[in-house]
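A look at the structure
As a plain string of letters, each chain reads:
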Amino acid sequence: MKCVTLICMFFVVLAIVDLAYSESDCKAGDVKQESCNTCKCVNGGWACTRKRCLEKRQIKCTPRETFKQECNTCICNERGDNAICTLKACL
């Protein structure tokens, strides 16, 4: 039980430190978007979600073509201007 309490306290301290070092030029209720994350103003500082944002890539490819990019497999969209790829960590 002590371990769970310590872990909880760690995350609370981490959240407070993160909030303390964030930009503090906001008013309660303000909302902004940073990449794919949403930020809300809390107690004069920004509190943001921490999603892993995938960057959009513009590539040229043959529509519906399957191809390799490093160790990942990709498939081209129907317009030939973008592709969806697996997200393996290539070593």
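What you are looking at is a predicted structure, and each value in this text was computed from that prediction instead of being measured.

Let's shift gears to the UniProt feature "domain: Pacifastin" (unreviewed entry) in the protein chain. Taken from the UniProt record, the annotation "domain: Pacifastin" (unreviewed entry) applies to residues 23-56 and 58-91. Secondary structure content for residues 58-91 is 0% helix and 35% strand, while the C-alpha to C-alpha distance between its ends is 24 Å.

The next thing to look at is the sheet that holds strand β6 (residues 83-85). Spatial strand order, β4-β5-β6: three strands in an open sheet with antiparallel pairing. Because the sheet does not close on itself, it has two edges, and the strands there are β4 (66-69) and β6. Neighbour to neighbour, the strand axes of the sheet diverge by 30° on average, direction disregarded. Note: strand β5 (residues 72-76) against β6, three bridges, orientation antiparallel. Bridge pairing in β6 links Cys-76 to Ala-83.

Attention shifts here to the state of the cysteines. Going through the model one piece at a time under the given rule, you end up with six disulfides. Here Cys-36 engages in a disulfide with Cys-53; their sulfurs sit 2.1 Å apart. The chirality of the disulfide connecting Cys-36 with Cys-53 is left-handed, given an S-S dihedral of about -85°. Highlighted residues: Cys-36 in the loop between β1 (31-34) and β2 (37-42) and Cys-53 in the loop between β3 (45-48) and β4, separated in sequence by 17 residues. Residue class for Cys-36 comes out partly exposed when judged on its relative accessible area of 27%.

To continue, consider the environment of Glu-78. Mapped onto the elements, Glu-78 comes out in the loop between β5 and β6. Of the residues examined, Glu-78 reaches a relative accessible area of 62% and is grouped as exposed. Spatially, the C-alpha atoms of Glu-78 and Pro-63 are 4.7 Å apart, while their sequence positions differ by 15 residues. Setting aside residues up to four positions removed in sequence, Glu-78 forms contacts with Pro-63 and Arg-64.

Right, let's get into the pattern of salt bridges. For the coordinates displayed, the defined rule picks out three salt bridges. For the salt bridge of Lys-32 with Glu-34, the shortest nitrogen-to-oxygen distance reads 3.0 Å. With relative accessibility at 22%, the residue Lys-32 sits in the partly exposed group. Linking Arg-64 and Glu-78 is a salt bridge whose minimum nitrogen-to-oxygen distance equals 3.7 Å. Here Arg-64 is found in the loop between β3 and β4, whereas its partner Glu-78 is found in the loop between β5 and β6, with 14 residues between them in sequence. The class of Arg-64 is exposed, set by a relative accessible area of 59%.

What counts, and where the lines are drawn
Residues numbered from 1 in each chain as written. Predicted model: local features only at pLDDT ≥ 70, side-chain atom pairs only at ≥ 80, totals over all residues. Heavy atoms only, no water. UniProt positions renumbered as here; feature names shortened; annotations may be inferred. Helix = DSSP H or I, 4+ residues; strand = E, 2+ residues; numbered from the N terminus. Pairing = 2+ DSSP bridges. Axes fitted to C-alpha atoms, helices over the stretch in contact; angles between N-to-C directions. Disulfide = S-S within 2.5 Å. Buried < 20%, exposed > 50% of the residue type's maximum accessible area, 1.4 Å probe, protein only. Contact = heavy atoms within 4.5 Å. Salt bridge = Lys/Arg side-chain N within 4 Å of Asp/Glu carboxyl O.

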